[in-house]
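Structural features, examined
Here's the letter readout for the chains.
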Amino acid sequence: MLATPLWAQIDDARLHITISHEDMQAARPDTRLTDTRLALRLALPQLWDRIVPREMRPQADSITSNYGLVARIIPADKQTIVEFNGKTVFRTLKDHHIPAIVMAPRFHLVIKMRNSAGLEMSQTQTLLMQEAKDLSANWGIELADNAPSVVIVWQWLDNQQVMLSLRGNSRLPEFSETRTITDADPLPVLSGWLKTTLLKARDAYAFDANSQGTANTANAIFDQQITLTIDRTTSLMAQVALEDALNDDPRVHRVLPVSLGKTRQRYLLLLEGTDSSWLPEWFKRRGYRLVALPEGGWLAQ
């Protein structure tokens, strides 16, 4: 099958779904599908879990699994890997009016747990951090030290009530909430609470391609244009690859070359919507440092 698009190859492990031989065998009695078709059917819900916000997740199940969503399927003895075509997947979500989380959000996660006396409960903290690492890959989240911070602090108020406070510099606004936990072992409840909170932080990065337009298309495009200068010696192949990667991102309406040289390239970016805050992270994942220019626009080095 066709190779995965460049931008997905670089930074989107979410599009690679591994189906174990055991899962294939368990599903086999219920279907007469071929191995590749069965693998695709099992992989697609896992893909939606990673890139579709939870509140829109049921709508994604209405999308029929088909090979047009796939870059390639790699069968092996113990597992089958389904690699999805990012460009087609996100276009399909747009066509179905479903928001998507275009890039995997990266968080520097800090978890604190304190008892009613204010003392840290280090063992519980460790268990919850491991829980966060385990669920992150399955839900399209990356944990890294050099990422926006998400600080989750639990404070037991008495022997049943516990308050969660979230702060940090991710897109999720700071909040706090209190719950009553009567279970003898509170860890499963805390784990579910942690999952819900992390998915809220993830879903804050969702992009709704269908809500970006306005009645005046010309004015909308004008409001979205950004001048981008690439200051780096690159081959023609690398220039084309970067242009293709930008064009493949659903948040980009169009990439217009202004001037192209071996050491410097200038483009006009027309974005889908007015949010350009994702651009620095996008270029960072590709080895560039993006800075705002005093006269306007962005410089990538």
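Relevant structure appears above.
Described below are features of the structure shown in this document. Because the structure is predicted, anything quoted here is derived from the model rather than measured.

Basis of the calculations
- Residues numbered from 1 in each chain as written.
- Predicted model: local features only at pLDDT ≥ 70, side-chain atom pairs only at ≥ 80, totals over all residues.
- Heavy atoms only, no water.
- Helix = DSSP H or I, 4+ residues; strand = E, 2+ residues; numbered from the N terminus.
- Contact = heavy atoms within 4.5 Å.
- Areas by Shrake-Rupley, 256 points an atom, 1.4 Å probe, with all protein chains shown as cover.
- Salt bridge = Lys/Arg side-chain N within 4 Å of Asp/Glu carboxyl O.
- Buried < 20%, exposed > 50% of the residue type's maximum accessible area, 1.4 Å probe, protein only.
- Core = buried A, V, L, I, M, F, W, Y, C linked by side-chain atoms within 4.5 Å.
- Expected span 1.5 Å × (residues − 1).
- Polar contact = N/O pair within 3.5 Å; in protein donor to acceptor, adjacent residues only side chain to side chain.
- Pairing = 2+ DSSP bridges.
- Phe/Tyr/Trp six-rings, centres within 6.5 Å; stacked < 30°, edge-to-face > 60°.
- Lys NZ or Arg CZ within 6 Å of the ring centre and 35° of its normal.

Structural notes on the overall build of the protein
Each helix and strand counted, the protein has ten helices and 13 strands in total. Along the first, second and third principal axes, the C-alpha atoms of the protein reach 65 × 55 × 40 Å. In the protein, the share of contacts with a sequence separation of at least 24, taken over all contacts with a separation of at least 6, comes to 64%. Here the protein displays about 15,400 Å² of accessible surface, and carbon together with sulfur accounts for 51% of that area.

Notes on the pattern of salt bridges
The final tally for this structure, using the stated rule, is 16 salt bridges. The shortest N-O distance in the salt bridge between Lys112 and Glu120 comes to 3.5 Å. Here Lys112 falls in the partly exposed class, since its relative accessible area comes to 28%.

Some remarks on the nonpolar core
In this structure, Trp48, Phe84 and Leu93 are the most contacted members of the largest nonpolar core, which totals 27 residues. Of all the secondary structure elements, the ones that give two or more residues to this core are strand E1 (16–20), helix H2 (21–27), helix H3 (35–51), strand E2 (70–75), strand E3 (79–84) and helix H5 (86–95). Residue contributions to this core peak at eight residues, all from H3. Judged by nonpolar contacts, the second largest core, of 26 residues, contains Met113, Ile141, Leu172 and Leu194.

Some words on helix H7 (residues 187–203)
Under the 1.5 Å per step criterion, the end-to-end length of H7 is 24 Å for 17 residues, consistent within 8% with the ideal 24 Å. Taken together, the buried positions of H7 are occupied by Leu190, Ser191, Trp193, Leu194, Thr197, Leu198, Leu199, Ala201 and Arg202. In this structure, the buried side of H7 is in contact with H3, strand E4 (106–114), helix H6 (122–138), strand E6 (149–156), strand E7 (161–168) and strand E8 (175–180).

Some thoughts on the environment of Thr182
By secondary structure assignment, the location of Thr182 is in the loop between E8 and H7. Put simply, Thr182 and Gln160 are 22 residues apart on the chain and 5.7 Å apart in space, counted from C-alpha to C-alpha.

Quick notes on the side chain of Thr197
Mapping Thr197 onto the fold places it in helix H7. Since its relative accessible area comes to 1%, Thr197 is described here as buried. A polar side-chain atom of Thr197 sits 2.8 Å from the main-chain carbonyl oxygen of Trp193. With residues up to four places along the chain from it excluded, the contact list for Thr197 reads Ile152, Leu164, Leu166, Leu172 and Phe175.

Let's talk about the sheet that holds E8
Strand order in this open sheet of five strands is E5-E4-E6-E7-E8, and the pairing throughout is mixed. Either end of the sheet is taken by a strand with one partner, and the two such strands are strand E5 (142–143) and E8. Here six bridges tie E7 to E8, and the two strands are oriented antiparallel to one another. Within the sheet, the bridge partner assigned to Leu164 lies in E8 and is Glu177.

Quick word on unusual backbone geometry
The backbone of His97 shows a phi angle near 60°, a positive value even though the residue is not glycine. Among the secondary structure elements, His97 is positioned in the loop between H5 and E4.

Observations regarding the packing of aromatic side chains
Inspection of every chain in the model, using the stated rule, returns four aromatic pairs. Look at Phe283 and Tyr288: their rings are 5.7 Å apart centre to centre, the planes differ by 90°, and that puts the pair in the edge-to-face class. For Phe283, a relative accessible area of 0% gives the class buried. Clustering of aromatic rings is evident, with ring pairs tying together Trp282, Phe283 and Tyr288. Lying across the ring of Tyr288, Arg232 places its NZ or CZ 3.9 Å from the centre.

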